[in-house]
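# Tertiary structure, described
Residue-level listing of the chains:
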Amino acid sequence: MSSPSAASSSIPAGPLEPKRKTKKKHFVQQKVEVFRASDPALSVLMWGVNHSINDLSQVPVPVMLLPDDFKASTKIKVINHCFNKENLPGQFKFKEYCPQVFRNLRERFGIEDQDYQVSLTRCSPLRDEEGKYLGLRLTSYDRTLVVKEISSEEVEEMHSVLSEYHQHVVTCHGSTLLPQFLAMYRLTVESEDTYLLVMRNMFSHRLPVHRKYDLKGSVLTREASFKEKVKELPTYKDADFLNSMQKIYVSEEEKEKVMNKLSRDIEFLVRMRIMDYSLLLGIHDVERAEREEEEDVESPCEEEEEDENDPAVPPCSTSPEGIAGYMSSFKLMGPGEFDPYVDMYAVQSAVGAPRREVYFMGLIDVLTQYDAKKKAAHAARAVKHGAGAEITTVHPEQYAKRFKEFVAKIIA
């Protein structure tokens, strides 16, 4: 992919000070000097994020974004360096796409660059080993950010919609159910490219999700497999949701807010000819969480023992920094309580609902455009199931109408 304004540089053996074609630049004081991760790619990600945010902090914020900002990129190439060689590979490349655009998006979503930097670099991100994704999927150590591996085709699709996506975020003042895209990178380690997209975590960093659904508004072949259902936290689908008589119990006011957001977002997706997206629904059961907390308090010794041996618990500083860190300065949250500025996809269940719950709702998989492949799949399924059958691969307008009607129906 062409990068009109890309600048490349290389670093010889010795201190890690990048030399650029235009002028020599030195690092600003690094918050984290050593990036330890189980995977070289993760170390490169942490190093690259730290470097790019430090570099960006030296560049004035533009008064307005220009068309070239949506095509721009910055690159750095590191060759035969000696610094931190036990954790970082000797040679690697790091590329950031559209840095000024994503900086602007982070600001509009209420995320400061320093907090973003700390959330991704203070400790190694955690791998999602049980997810449905084929590629790399990570969660920042403080569970506020998600890093998802994407294909080079999805990078192109992101470039094709980024300008309109940015305008949509501006128009709705950051109030959206769409993914909050915060950065896009390419890592090159041992001549292998990995493309990564960073987003805000739709689930809470502190309220655990007890049930999870991926909903498309169609029941045809939309049931979780047996292999999925035996997982600790399965991702259920439309048929499972309806069979369990599940509903989303929110107040009329909250339902109106959610449906207004959904309508705006779906109009945008139709304009972009995007379809096959899902509603990701996470449900936090407040009473179950309280029971589990009481059980943990009753057996503190066992928990301490488990924590010491649990590889998922990162050996990190508990300094109140990062996207969620400032919350430590405020009053402690009670059961089922959340900060809407951090848990932006969260909605409380209504007073008088059958169960006290917190719902996390957002749109995912929004980079699938209605192209030749989808048209072919639609034709094939129409032949198999009949032209009037409720199939997933329909036209974007049909998909949007069915999707919106389904969401309206499942919100009580």
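Residues numbered from 1 in each chain as written. Predicted model: local features only at pLDDT ≥ 70, side-chain atom pairs only at ≥ 80, totals over all residues. Heavy atoms only, no water.

## Observations concerning the sheet that holds strand β13 (residues 346-348)
- Pairing is mixed across the open sheet formed by 5 strands, whose spatial order is β11-β10-β12-β14-β13. The open sheet has two edge strands with one neighbour each: β11 (235-236) and β13.
- Here 3 bridges tie β13 to strand β14 (residues 357-364), and the two strands are oriented antiparallel to one another. Among the inter-strand pairings, glutamine 348 is bridged to a residue of β14, identified as valine 358. (Pairing = 2+ DSSP bridges. Helix = DSSP H or I, 4+ residues; strand = E, 2+ residues; numbered from the N terminus.)

## Quick word on the environment of histidine 51
- Residue position: histidine 51 is located in helix α1 (residues 40-56).
- According to the relative accessible area criterion, histidine 51 is buried, its value standing at 4%.
- Separated by 66 residues in sequence, histidine 51 and glutamine 117 place their C-alpha atoms 9.4 Å apart. (Buried < 20%, exposed > 50% of the residue type's maximum accessible area, 1.4 Å probe, protein only.)

## Overview of the pattern of salt bridges
- Summed over all chains, the structure comprises 16 salt bridges.
- Notably, a salt bridge pairs aspartate 238 with arginine 222, separated by 2.9 Å at the nearest N-O pair. With a gap of 16 residues between them, aspartate 238 in helix α6 (residues 238-243) and arginine 222 in the loop between β10 (211-215) and α5 (226-229) connect regions that are remote in the sequence. Side by side, aspartate 238 and arginine 222 carry an identical accessibility label, which is buried. (Salt bridge = Lys/Arg side-chain N within 4 Å of Asp/Glu carboxyl O.)

## A closer look at helix α11 (residues 396-410)
- Between the first and last C-alpha of α11 there are 21 Å, a value that for 15 residues agrees with the 21 Å anticipated at 1.5 Å per step.
- Along α11, the residues that are buried comprise Pro396, Tyr399, Ala400, Arg402, Phe403, Phe406, Val407 and Ile410.
- Against β10, α6, α7 (252-271), β12 (278-285) and β14 lie the buried residues of α11. (Expected span 1.5 Å × (residues − 1). Contact = heavy atoms within 4.5 Å.)

## Things to note about the environment of arginine 355
- Residue position: arginine 355 is located in the loop between β13 and β14.
- Taking relative accessible area as the criterion, arginine 355 reaches 33% and is therefore assigned partly exposed.
- A C-alpha to C-alpha distance of 8.5 Å links arginine 355 and tyrosine 249, two positions 106 residues apart in sequence.
- Leave out the neighbours within four places in its chain, and arginine 355 touches Arg211, Gln246, Tyr249 and Ser349.
- In this structure the side chain of arginine 355 is engaged in a polar contact, spanning 3.1 Å, whose partner is the side chain of glutamate 357. (Polar contact = N/O pair within 3.5 Å; in protein donor to acceptor, adjacent residues only side chain to side chain.)

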